[in-house]
Amino acid sequence: MSGDGATARVYALHAVVIALLVALNYILPEYHHGVLARVLVLAIFAMGYNLLFGYVGLLSLGHAMFFAAGLYGAGLPLYHLGWGVVPAFAGGVGAGFLVSLIVGLLALRTSGVAFMIVTMMFAQVFYLVTLYFGAWTRGDEGLVLQQQARQITLGTGTLDLTNPATRYLSAVALFAAALFATLAIVRSRHGRVLVAIRENEERAKMLGYDTFANKLAAVVTSGVICAAAGAAYALLFGYVGSTFASVQYSILPLLWVLLGGAATTLGPLLGTLFMYYVIDITSSYTSAYMLIVGAMLILLVLWFRKGVLGTLRDRWLGWLP
Amino acid sequence: MAFFPHLLLATLEGLVTSAVLALTALGLSLVFGVMRIVNVAHGEFFMLGAVLAWAITTAVGGHPALGFAAALVLAPLIVGFIAWISERLVLRRLDYNPEATIVATIGLLYIIQQLALTFYGPEARPVTPPFNVRIQLPWFGYSGYKLSIIAASALLLLATWLVLTRTRIGLVMRATQYDRETAQAFGIPVGRVYGAVFALGAMLAAIAAVLIVPIQQAHYLMGLDPLLLSFIVVIIGGLGSLRGTVIAALLIGVSDGIISVFFSPTLAKIIATLVVAMVLVFRPQGLFGTATK
């Protein structure tokens, strides 16, 4: 990353992507409009995952827990206590902050394979807890949030999140916020330290950086971004269920990030979009979507370790963040 | 039923769980110990063993014992072969990088699960036990087949221990585990040892599944629980320690049996998983292991 020219180019690229997404709101046919809104929210989840996996090199198999913390943190108070949309969203993000702080403090005492197993186990506990309190969460069946509950009153008008255009634009807005936040983090001093930890933790420690504090900050930021995605999912699509806490939703963001390119800011969006459509299109021919997910994971890890944008960056676009 | 017979029944059920768990976990532990990789698809090899047992017993027909004996021999061999192929085709190419291996074995998990769903279907199917003897205790009758599972598992564990400590194959495996590069320098074909160990680990899971399938029906999603429980056992017992694995399997299996009889099974799982995660966080070498060098 050299000089102001490169910086301007990076910000211009991201601004163009966001402008393109906003423009698509007016062009896309109804079905793809709905799909893209969902993809954007899931891409935020993938970006949160990427921050930890791509930039810090910590492979977690428990991120479904952070997504679900946001989902339930927003959904449960809205459903049972009649909270408004804004406090519910804050509740989701707050729940994600708490869960990721506790999990981070405990799991970061381990590293490598043990970190992966510990995060997977915490996520499994979270999943079982959502089943155990079935009286409030209704487990796998889940809760459906009513339309009246998903409206924001602004002065005289109301913002109805069930309206397709409002829903899409809210998803774009949140996506843009998460994208620029990620961009700012990875370009900051803290972001450079994270990459240094990924490359060689001992050396980073030797240079005087508090690697534990930096990693903890990354886990919490990652958890908060994922929780924001979960809370947005509950509010925009009106469904809260324990499927989102299952181990499958810890593996999917890994796949999306690997495909799009780990440690690239736009890779998660690309990977999520591509995988969503691959499964969507193939599901009309075959129900064997797990086969596709499995085969993609193996092929990626065998021959395409850097993903789409990672490869592009290596070959031609060295400035890509 | 009074309290004591109830407790005895729970303990017996727990021992059956432990017997199967010890075999499954031993497979995972061997692979981790020798190859230093985590096989996330281990539970799917277990599931494959159970599904194949159903297919083989159905194909053989005749007396249930005949089909069961065929399944006990053939199912582990087929599973071992599949594991060996995937080790040669995928894991070897990854150079056993721990994290790439995890991602690849997750992929393998999905592929095996989908193939089982496509060719076997979403139903849970039972397998007839090879013999039906009830052993009459003073308080209740208990299935003789379940007791034979415990015996079979004990024999197999003993056999594995003998192979590991008393034979040349075991020596080669231990040498590879201890120091891969030195072993290679002494002319041990490390690549072939890895392939064999991976296949052996999968075969142990498959044998465990064939043993349990007459009690617990075969289902394409049955692999997740044995995977998590094996992780738990291997962690508590200390990675790569056979004795620790057996003790931990007994501990987990029996306490799981007893807790599930008296409390909700979901709560039992929550507590067990949380306790193990804490063990891994605060005592990474396991309860019985020693600190790594």
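Scoring rules and cut-offs
Residues numbered from 1 in each chain as written. Chains lettered and ligands numbered in written order. Predicted model: local features only at pLDDT ≥ 70, side-chain atom pairs only at ≥ 80, totals over all residues. Helix = DSSP H or I, 4+ residues; strand = E, 2+ residues; numbered from the N terminus. Rg over C-alpha atoms; globule rule 2.2 N^0.38 Å. Buried ≥ 20, exposed ≤ 12 C-beta atoms within 10 Å, placed from the backbone. Contact = placed C-beta atoms within 7 Å. UniProt positions renumbered as here; feature names shortened; annotations may be inferred. Nonpolar A, V, L, I, M, F, W, Y, C, P; charged D, E, K, R; others polar. Axes fitted to C-alpha atoms, helices over the stretch in contact; angles between N-to-C directions. Parallel < 35°, antiparallel > 145°, perpendicular 65-115°, else oblique. Core = buried A, V, L, I, M, F, W, Y, C linked by C-beta atoms within 7 Å. Expected span 1.5 Å × (residues − 1).

A. Geometry of the overall build of chain B. From N to C terminus, chain B includes 11 helices and 2 strands. Shown N-terminal to C-terminal, the secondary structure of chain B runs as helices and strands in the order α-α-α-α-β-β-α-α-α-α-α-α-α. Radius of gyration (C-alpha) of chain B: 19 Å, near the 19 Å computed for a compact globule of 293 residues. For the C-alpha atoms alone, the extent of chain B along its principal axes is close to 60 × 45 × 35 Å. The buried share of chain B, taken over its 293 residues, is 45%. Sequence separation of 24 or more characterises 76% of the internal contacts of chain B that already satisfy a separation of 6 or more.

B. Geometry of the overall build of chain A. Looking only at helices and strands, chain A features 14 helices and 4 strands. Taken over the C-alpha trace, chain A has a radius of gyration of 19 Å; the compact-globule value for 321 residues is 20 Å, and the two agree within 12%. Out of the 321 residues belonging to chain A, those deemed buried represent 48%. Long-range pairs, those at least 24 residues apart, make up 77% of the contacts in chain A with a sequence separation of at least 6.

C. Quick peek at the UniProt feature "transmembrane region" (unreviewed entry) in chain B. Following the UniProt record, one finds the feature "transmembrane region" (unreviewed entry) at residues 15–38, 45–62, 68–90, 102–122, 142–164, 193–215, 227–252 and 259–282 of chain B. For residues 193–215 of chain B, helix accounts for 87% and strand for 0%, while the C-alpha atoms at its two ends are 34 Å apart.

D. Structural context of the interface of chain B and chain A. Contacts between the two partners involve 32 residues from chain B and, on the opposite side, 32 residues from chain A. Elements with a minimum of two residues in the side of chain B that touches chain A: helix H4 (98–120), helix H9 (224–237) and helix H11 (265–282) of chain B. With 15 residues, the top contributor of residues to the side of chain B that touches chain A is H4 of chain B. Taken together, the residues of the side of chain B that touches chain A sort by class into 23 nonpolar, 6 polar and 3 charged.

E. Spatial organisation of the packing of helix H2 (residues 30–56) of chain A against helix H10 (residues 211–237) of chain A. Residues and elements named next belong to chain A. Look at H2 against H10: their axes get within 9 Å of each other, and the N-to-C directions meet at 170°. Relative to H10, the element H2 lies roughly antiparallel. A breakdown of the residues in the contact of H2 with H10 according to their chemical character gives 19 nonpolar, 3 polar and 2 charged.

F. Summary view of the nonpolar core. Ile44 of chain A together with Ala53 and Ala206 of chain B are the most contacted members of the largest nonpolar core, which totals 197 residues. Apart from residues no more than four positions distant in its own chain, Ala53 of chain B is found in contact with Ala71, Ala75, Val127, Ala209, Val210, Val213 and Ala218 of chain B.

G. How the structure looks around the UniProt feature "transmembrane region" (unreviewed entry) in chain A. All names here are of chain A. When the UniProt feature table is mapped onto this chain numbering, "transmembrane region" (unreviewed entry) sits at residues 6–27, 39–61, 81–106, 113–135, 168–186, 216–239, 251–279 and 286–304. The span residues 113–135 is 96% helix and 0% strand, and its two end C-alpha atoms sit 35 Å from each other. Taken as a whole, residues 168–186 contains 100% helix and 0% strand, while its terminal C-alpha atoms sit 27 Å from one another.

H. Fine view of the environment of Asn214 of chain A. Residues and elements named next belong to chain A. Residue position: Asn214 is located in helix H10. A C-alpha to C-alpha distance of 7.2 Å links Asn214 and His190, two positions 24 residues apart in sequence. The residues touching Asn214, leaving out its near neighbours within four places in the chain, are His190, Val193, Leu194, Ile197 and Tyr209.

I. Geometry of the packing of helix H11 (residues 248–260) of chain A against helix H14 (residues 307–315) of chain A. Residue and element names in this part refer to chain A. Closest axis-to-axis distance for the H11/H14 pair is 3 Å, and the angle between their directions is 25°. With respect to H14, the element H11 is oriented roughly parallel. Here H11 contributes Leu258, Leu259 and Gly260 to the contact with H14, which in turn contributes Gly307, Val308 and Leu309. Looking at the contact of H11 with H14, its residues break down into 4 nonpolar, 2 polar and no charged.

J. Structural detail: helix H3 (residues 64–81) of chain A. Residues and elements named next belong to chain A. With 18 residues, H3 should cover 26 Å at 1.5 Å per step; its first-to-last C-alpha distance of 24 Å lies within 8% of that length. Buried residues dominate H3, accounting for 15 of its 18 residues. Among the residues trailing H3, Gly82 stands out with phi positive, at a value near 70°.

K. Representation of helix H2 (residues 42–60) of chain B. Residues and elements named next belong to chain B. With 19 residues, H2 ought to run about 27 Å at 1.5 Å a step, and its terminal C-alpha atoms sit 27 Å apart, in line with that. For H2, a buried count of 15 out of 19 residues is recorded, marking the element as mostly surrounded by other parts of the structure. Backbone geometry just downstream of H2 places Gly61 in the positive-phi region, at approximately 70°.

L. A look at the environment of Ala262 of chain A. Residue and element names in this part refer to chain A. Residue position: Ala262 is located in the loop between H11 and helix H12 (267–282). C-alpha separation for the pair Ala262 and Leu51, spaced 211 residues apart in sequence, amounts to 8.7 Å. If near-sequence neighbours (up to four positions away) are discounted, Ala262 is found in contact with Asn50, Phe53, Gly54, Val257, Gly267, Gly307 and Gly310.

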